[in-house]
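A structural walkthrough
If you want the building blocks of each chain, they are given just below.
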Amino acid sequence: MTVPQHGRAMTPSIVVEGLTVRYNNGVTAVDEASFSLGAGTICALVGINGSGKSTLFKTLMGFLKPAKGSVSICGLPVRAALKAGLVAYVPQAEEVDWSFPVLVNDVVMMGRYGHMGLLRIAGKADREAAEQALARVGMLDFRRRQIGELSGGQRKRVFLARALAQGGQVILLDEPFTGVDVKTEDQIVDLMRELRAEGRLMLVSTHNLGSIPEFCDQVVIINKRILAAGPTETTFTQENLQLAFSGALRHFRLEGAALHDDADDRRVTVITDDERPLVLYGQRDRERLAAGERGAGPAASPGADRDREPAPDAGRGETR
Amino acid sequence: MIALLLEPFGYQYMVKAIVVSALVGGVCAFLSCYLMLKGWSLMGDALAHAIVPGVALAYLLKVPYAAGAFFSGLLAALAMALVRIRTQLREDAVIGIVFTSFFAIGLLIVSINPTSVNVQSIVLGNILGISDEDVLQVTIIAGVSLALLLLRWRDLLLVFFDENQARAVGLSPTRMKILFFVLLAACTVAALQTVGACLVIAMVVTPGATAYLLTDRFGRLIIIAVALGVATSAVGAYASYFLDGATGGLIVVLQTLLFLLAYVFAPKHGRLAARRAARAVSEPAS
């Protein structure tokens, strides 16, 4: 793995070694997991529901303690990394109570708490950081809105702005593309690419298999154990995905004979985990993944025309 | 007329009652902002009932009632946690069983030792007859709670809104929640004197709920709720002089009236505003 060095005191990294996490009821959610990620990386975390993705996130956030093994973030134990404000978290939409009486600006300011004193009174630097972060995600005009009044994509961007305002070097994103239209998805991806260029490390839990080759340079495939981890070109393969999803994925295969009348035996494989499908055709899969092309044309992609955003004027009253 | 209106201020017990009620009403209203947002309102009710046996025993044993109340509140919380872990029962059933049991034990203690303390003053409160010792206790409890809330209200908001982010900025959500419940228990004990065990729940829910209809900002929510809590409690205590009624009942009725007003007339989240908005949608550009 290439680790571009930046002149920061804290080089972003996540190192997980032999990590086992058990719940109180004895269920092992993550088993002997090891992987490591360095600066300037966008890594996709892929696996079925219940494969331990959220357990891994909770462990990285210090909510769960490892039964065995260790986690270090930027070379520090989890608790110290959190204390230093190095880890930012962008929650799933369902985790947030959108009827809470807080404004967009209040949410972004919450990212600055670690930089403030005991009383959490915002100083000039905090206000500037919040403003810059909001401007960067294009939400500055919405800063006085109550969060429930925003559309799905806008809500996501506000929480991204909070991660930016915090200045987190390691950013955990939990399903950032769920309930977001294609335009917002592209904006989020562009922003993540910029953050990668700044040397930050992002770990993205996603079901959106089709877009992974577009912007993730690393992939960790998990099903309690780490099934595969490494660069997208060599890791995000049909074999590994079948290993991870074995039956849980929607998996279509069109044999060559069904597609055309000649002797060409290449086939089309469509793999989808609810969201944008991954389309593989013949022997060119590898090249396509390596080249980072769009995985699916518009015709093959039911994701392209989905738009689950609520009406922009949906106020607090409706979200309750 | 003015002489008549000023009459209550001539009695020291009335002044004491008004000031103590306002203080307790304000702190309880502060807590209500958090409680109602989290859907934990019934927890306040359970706590208020669960401290009754502690108060009864404290009077019986001649120890400060706050200590007894706090101890039995803690015991109830432990009992709830234990029943919850050891059985498959749902939370509301567990809360229901534990707090009614505690309340019943409390009533039993009081009825067996009728001389120690009047049942009515625990269940309905007796702010007009509050002793100087109790005034001191209540003032200390409410003062310390208020100071802690003023210092940590932003951190509590973050923990209630987004625990993960609280962790990401280095806060311990567990510790903050413990702080909150200790404050809630302490203020419930204080409010017991003013409105009694049955109506404490209103003090820690209604002001916050009313303010929620009036603003989208948490800072303002606190200010509005505390103002409502202080005003209704002071006015309630004052008016009970003339109406010769239970102070607790008056305070809570006042709070409910204000809630109803907000419910109908709130500029953004009230019923009338909702109707106006619906009409604006159904007849666009008329």
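Not measured: the values here are computed from a predicted model. (Residues numbered from 1 in each chain as written. Chains lettered and ligands numbered in written order. Predicted model: local features only at pLDDT ≥ 70, side-chain atom pairs only at ≥ 80, totals over all residues. Heavy atoms only, no water.)

Next up on the list: the packing of aromatic side chains. The full count for this structure, using the stated rule, is 19 aromatic pairs over all chains. Centroid distance Trp-98 of chain A to Phe-159 of chain A: 5.6 Å. Interplanar angle 90°. Geometry classified as edge-to-face. Of this pair, Trp-98 of chain A sits in the loop between strand E6 (87–90) and helix H3 (104–110) while Phe-159 of chain A sits in helix H5 (residues 152–166), and the two are 61 residues apart along the sequence. Of the residues examined, Trp-98 of chain A reaches a relative accessible area of 11% and is grouped as buried. Here Phe-159 of chain A falls in the buried class, since its relative accessible area comes to 2%. For the pair Trp-40 of chain B and Phe-181 of chain B, a centre-to-centre distance of 5.3 Å together with 35° between the ring planes defines the contact as tilted. Residue Trp-40 of chain B is found in the loop between helix H2 (12–38) and helix H3 (41–50), and its partner Phe-181 of chain B is found in helix H10 (residues 173–195); the two are separated by 141 residues along the sequence. An aromatic cluster is built from Tyr-34, Trp-40, Trp-153, Phe-160, Phe-180, Phe-181 and Phe-218 of chain B, whose rings are joined through pairwise contacts. Above the ring of Trp-98 of chain A, the side-chain terminus of Arg-155 of chain A is found at 4.5 Å from the ring centroid. (Phe/Tyr/Trp six-rings, centres within 6.5 Å; stacked < 30°, edge-to-face > 60°. Helix = DSSP H or I, 4+ residues; strand = E, 2+ residues; numbered from the N terminus. Buried < 20%, exposed > 50% of the residue type's maximum accessible area, 1.4 Å probe, protein only. Lys NZ or Arg CZ within 6 Å of the ring centre and 35° of its normal.)

On to unusual backbone geometry. Most peptide bonds take the trans form, and the phi angle of most residues other than glycine is negative. Positive phi values are uncommon outside glycine, yet Glu-175 of chain A reaches one of about 50°. Topologically, Glu-175 of chain A is positioned in the loop between strand E7 (170–174) and helix H6 (182–197). One non-glycine residue, Lys-62 of chain B, adopts positive backbone phi at about 60°. Within the element layout of this structure, Lys-62 of chain B appears in the loop between helix H4 (52–61) and helix H5 (65–86).

What follows covers the nonpolar core. Grouped together as the largest cluster of nonpolar side chains are 135 residues, with contacts concentrated most on Val-46 of chain A together with Tyr-34, Phe-161 and Phe-218 of chain B. Per-element accounting of this core gives the leading share, 13 residues, to H2 of chain B. Setting aside anything within four residues of it in sequence, one finds Phe-218 of chain B in contact with Pro-101 of chain A together with Cys-33, Tyr-34, Leu-37, Trp-153 and Leu-157 of chain B. Core analysis: the second largest hydrophobic core is formed by 32 residues, Val-21, Met-61, Leu-64 and Leu-201 of chain A among them. (Core = buried A, V, L, I, M, F, W, Y, C linked by side-chain atoms within 4.5 Å. Contact = heavy atoms within 4.5 Å.)

What follows deals with the side chain of Arg-162 of chain A. With respect to the helices, strands and loops of the structure, Arg-162 of chain A is situated in helix H5. You can call Arg-162 of chain A buried: its relative accessible area is 1%. A distance of 3.2 Å separates a polar atom in the side chain of Arg-162 of chain A from a polar atom in the side chain of Gln-165 of chain B. If we skip the residues at most four places from it in the chain, Arg-162 of chain A touches Tyr-89, Pro-91, Val-107, Val-108, Met-110 and Gly-111 of chain A together with Phe-161, Asp-162 and Gln-165 of chain B. (Polar contact = N/O pair within 3.5 Å; in protein donor to acceptor, adjacent residues only side chain to side chain.)

To continue, consider empty space enclosed by the protein. Over the atoms rolls a probe the size of a water molecule, and in doing so it shows where empty space is left. On inspection of all chains with the given rule, the structure shows one cavity of 30 Å³ or more. Counted as a void, the largest cavity has a volume near 40 Å³. (1 Å grid on protein atoms, 1.4 Å probe; cavity = no way out; pocket = protein on both sides within 12 Å on 5 of 7 lines; lining within 4 Å. Points joined across faces, edges and corners; volume = space filled by probe spheres on them.)

When the parts of a complex come together, some accessible area is lost, and that lost area is often taken as the interface size. Each partner contributes to the interface: chain B provides 26 residues, whereas chain A provides 36 residues. Between chain B and chain A lies a buried interface of about 2800 Å² when both sides are counted; carbon and sulfur atoms form 55% of it. Counting across the chain B and chain A interface gives four salt bridges. In this structure, Asp-155 of chain B and Arg-120 of chain A form a salt bridge, with 2.6 Å as the shortest nitrogen-oxygen distance. One can count 13 residue pairs in polar contact (both at pLDDT 80 or more) joining chain B with chain A. Looking at the side of chain B that touches chain A, the element that brings in the most residues is helix H8 (residues 132–161) of chain B, giving eight residues. Split into classes, the residues belonging to the side of chain B that touches chain A amount to 13 nonpolar, five polar and eight charged. (Buried area = accessible area lost by both parts, 1.4 Å probe. Salt bridge = Lys/Arg side-chain N within 4 Å of Asp/Glu carboxyl O. Nonpolar A, V, L, I, M, F, W, Y, C, P; charged D, E, K, R; others polar.)

All names here are of chain A. Of the pairings in the sheet, the one linking strand E1 (residues 14–22) to strand E4 (residues 68–73) comprises five bridges and is antiparallel in character. When the bridges of E4 are listed, Glu-17 appears paired with Ser-70. Here E4 pairs with strand E5 (residues 76–77) via two bridges, running antiparallel. Across the sheet, the residue bridging to Ser-72 is Pro-77, located in E5. Taking the residues between adjacent antiparallel strands as the criterion, E4 and E5 are bridged by two residues, where Cys-74 takes a positive phi near 55°. (Pairing = 2+ DSSP bridges.)

Of the volumes computed, that of the largest pocket is approximately 1100 Å³. If you trace the largest pocket, you find 35 residues lining it, with Pro-173, Thr-174, Lys-177, Ile-178 and Phe-181 of chain B closest to the centre. Of all the secondary-structure elements, those providing two or more residues to the lining of the largest pocket are helix H2 (78–83) of chain A together with H3, H5, helix H6 (91–112), helix H9 (163–168) and H10 of chain B. The leading source of residues in the lining of the largest pocket is H10 of chain B, at nine residues.

Turning to helix H14 (residues 247–265) of chain B, a few remarks are in order. Residue and element names in this part refer to chain B. With 19 residues, H14 extends 27 Å between its outermost C-alpha atoms, agreeing within 8% with the 27 Å of an ideal straight helix rising 1.5 Å per residue. If you check which residues of H14 are buried, you get Thr-247, Gly-248, Leu-250, Ile-251, Val-252, Gln-255 and Ala-262. Contact partners of the buried residues in H14: H10, helix H11 (200–203), helix H12 (206–212) and helix H13 (218–243). (Expected span 1.5 Å × (residues − 1).)

Let's shift gears to the pairing of strand E10 (residues 225–231) of chain A. All names here are of chain A. Bridge count for strand E9 (residues 218–223) against E10 is six bridges, and the pairing is antiparallel. Each residue of the ladder has a partner; that of Ile-221, found in E10, is Ala-228. Following E9, the chain reverses through one residue before pairing antiparallel with E10; Lys-224 in that reversal takes a positive phi of roughly 65°.

What follows covers the confidence of the model for chain B. Residues and elements named next belong to chain B. Mean pLDDT for chain B: 87, with 97% of residues reaching 70 or above. Within chain B, the element-level pLDDT minimum falls on helix H7 (residues 119–123), averaging 74, and the maximum on H12, averaging 95. The complex model carries a pTM of 0.81, and its ipTM stands at 0.82. (pLDDT = per-residue confidence, 0-100.)

Moving on, we come to the pattern of salt bridges. Within this structure, the stated rule accounts for 20 salt bridges over all chains. Residue Lys-268 of chain B pairs with Glu-149 of chain A through a salt bridge whose shortest N-O separation is 2.7 Å. Placement of Lys-268 of chain B in the loop between H14 and helix H15 (271–282) and of Glu-149 of chain A in the loop between helix H4 (124–136) and H5 is noted, with the two residues assigned to different chains. We classify Lys-268 of chain B as partly exposed; its relative accessible area is 49%. Ionic contacts of the salt-bridge type, sharing partners, join the residues Arg-136, Glu-194, Glu-198 and Arg-200 of chain A into one network.

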